[in-house]
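For reference, the chains in residue letters:
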Amino acid sequence: MAWFFRKKKTDDAEEAAEVTEASVAQNTPTTGPFDEADHPQRGALLDAGSLWLPKVAGVSIQFPFDNRRKEVRGILYSKKGGMLQLQAYAAPRSRGLWHDVRTDMITSIAKQGGSSKEVDGPFGTELHAQMPVPNVDQPQPHRFIGIDGPRWLLRATLYGRAATNQQLADEMFDIVRRVVVVRGQDPHPPRDLLPLTVPKPAKKK
């Protein structure tokens, strides 16, 4: 004969709380790029509007400004001749954008006289391209990486030495893993560049 014992309600509640906490811990990503919901504290990261950015020793950060559009058009990290450009775009709530954007880029690169191929990378499918560059005789290598998040697409572009030197590329990828995307609640059509700003200098104590 089998005996069944009913747990006390307090035991049930404690077990449910443990399961909930375990689920939250399991679903919280430990490496980025992060969504603001998973990384709500900015801490020492630089506030560049739609992106919170890490400061990295030996790596410079620039904020290219488009005078015609009157806006920052991306974030540029540079080290030893290697470049990492970061841009965040609005995406639909229902699905990611990177597949469609990558397909359009393949067509666009070919029309410009370049070539490209899809390659598996640490963040999924990358696009490795040979791109025509103004005032340069030979096409230049670029690596395009797209990471789909909740209602956003983070696009990272490696060029210069970072496109061909894997050690330098890995250093740039470590930067990407620390970035936080701040999508905000403002409406943006899909593929709109999310607004970027130049971080304000830290206040002197």
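See the structure shown above.
Read on for a plain summary of the structure.

Conventions adopted
Here the residue index of a chain counts from 1 through its sequence in written order. The predicted origin of the model limits local features to residues at a pLDDT of at least 70 and limits the giving and counting of side-chain atom pairs to 80 or more, whereas totals for whole chains, interfaces and linings rest on all residues. Note that the side-chain values use all heavy atoms of the structure and ignore hydrogens as well as water. Counting from the N terminus, the helices are the DSSP runs of H or I reaching at least four residues and the strands are the DSSP runs of E reaching at least two. Throughout, exposure labels follow a simple rule: accessible area from a 1.4 Å probe, protein chains only, divided by the maximum for the residue type, with under 20% read as buried, over 50% as exposed, and the rest as partly exposed. What makes two residues a contact is simply this: any of their non-hydrogen atoms within 4.5 Å. With residues, only the protein chains shown are counted as cover, and all accessible areas are computed by Shrake-Rupley using a 1.4 Å probe. Strand pairing requires that DSSP identify at least two bridges connecting the strands. In this analysis, axes come from line fits to C-alpha atoms, helices being fitted only over the stretch in contact, and the angle between any two N-to-C directions falls in the range 0 to 180 degrees. We call a set of buried residues a nonpolar core when its members are Ala, Val, Leu, Ile, Met, Phe, Trp, Tyr or Cys and they connect through side-chain atoms within 4.5 Å of each other. This arc is taken over the directions from the axis of the helix to the C-beta atoms. Criterion for a salt bridge: a side-chain nitrogen of Lys or Arg within 4 Å of a carboxyl oxygen of Asp or Glu.

A closer look at the overall build of the chain
Logical step 1: Along the backbone of the chain there are 3 helices and 13 strands.
Logical step 2: Residues counted as buried form 36% of the 205 residues belonging to the chain.
Logical step 3: For the chain, long-range pairs separated by at least 24 residues make up 54% of all intrachain contacts whose partners lie at least 6 apart in sequence.
Logical step 4: Accessible surface computed for the chain: about 13100 Å², of which carbon and sulfur atoms make up 52%.

Description of the sheet that holds strand β9 (residues 115–121)
Logical step 1: One open sheet holds the 7 strands; their spatial order is β4-β7-β8-β12-β11-β10-β9, and the pairing between them is antiparallel. Either end of the sheet is taken by a strand with one partner, and the two such strands are β4 (60–62) and β9. Taking the axes of each pair of neighbouring strands and ignoring which way they run, one obtains an average angle of 25° across the sheet.
Logical step 2: Packed onto the sheet, helix α2 (residues 98–111) meets β9, β10 (124–131), β11 (140–149) and β12 (152–160) and runs at close to 15° relative to β10.

Description of the nonpolar core
Logical step 1: In terms of nonpolar packing, the biggest core is built from 30 residues, with Leu51, Leu53, Tyr77, Leu84, Leu86 and Leu154 touching the most fellow members.
Logical step 2: When residues of this core are traced back to their parent elements, those giving at least two are β3 (51–53), β7 (75–79), β8 (82–90), β11, β12 and α3 (166–176).
Logical step 3: Among the elements that take part in this core, α3 stands out by supplying 6 residues, more than any other.
Logical step 4: What Tyr77 contacts, discounting residues up to four positions off in sequence, is Leu53, Pro54, Val59, Ser60, Ile61, Gly82, Met83, Leu84, Leu86, Met172 and Ile175.
Logical step 5: Judged by nonpolar contacts, the second largest core, of 13 residues, contains Ala91, Leu127, Ala129 and Leu153.

Some remarks on the sheet that holds β3
Logical step 1: In spatial order, the strands read β1-β13-β3-β2; together these 4 strands make up an open sheet with mixed pairing. Lying at the two open borders of the sheet, with one neighbouring strand each, are β1 (34–35) and β2 (46–47).
Logical step 2: Inspection of the sheet shows β1 paired to strand β13 (residues 180–181) by 2 bridges, in the parallel sense. Its bridge partner being in β13, Asp35 is matched across the sheet by Val181.

Re α3
Logical step 1: Residues of α3 that are buried: Leu168, Ala169, Met172, Phe173, Ile175 and Val176. For α3, the angular spread of the buried residues around the axis is 150°, confining them to a single face.
Logical step 2: On its buried side, α3 packs onto β7, β8, β10, β11 and β12.

Quick notes on the pattern of salt bridges
Logical step 1: Counted according to the given criterion, the structure contains 8 salt bridges.
Logical step 2: Among the salt bridges present, the one from Lys79 reaches Glu171, with a minimum N-O distance of 2.5 Å. You can see Lys79 sitting in strand β7 and its partner Glu171 sitting in helix α3, a full 92 residues away along the chain.
Logical step 3: Classification of Lys79 by relative accessible area gives buried; the value is 17%.
Logical step 4: Residue classification places Glu171 among the partly exposed residues on the basis of a relative accessible area of 28%.
Logical step 5: The partner of Asp100 in a salt bridge is Arg95, and the shortest N-O contact between them spans 2.7 Å.
Logical step 6: Residue classification places Arg95 among the partly exposed residues on the basis of a relative accessible area of 47%.

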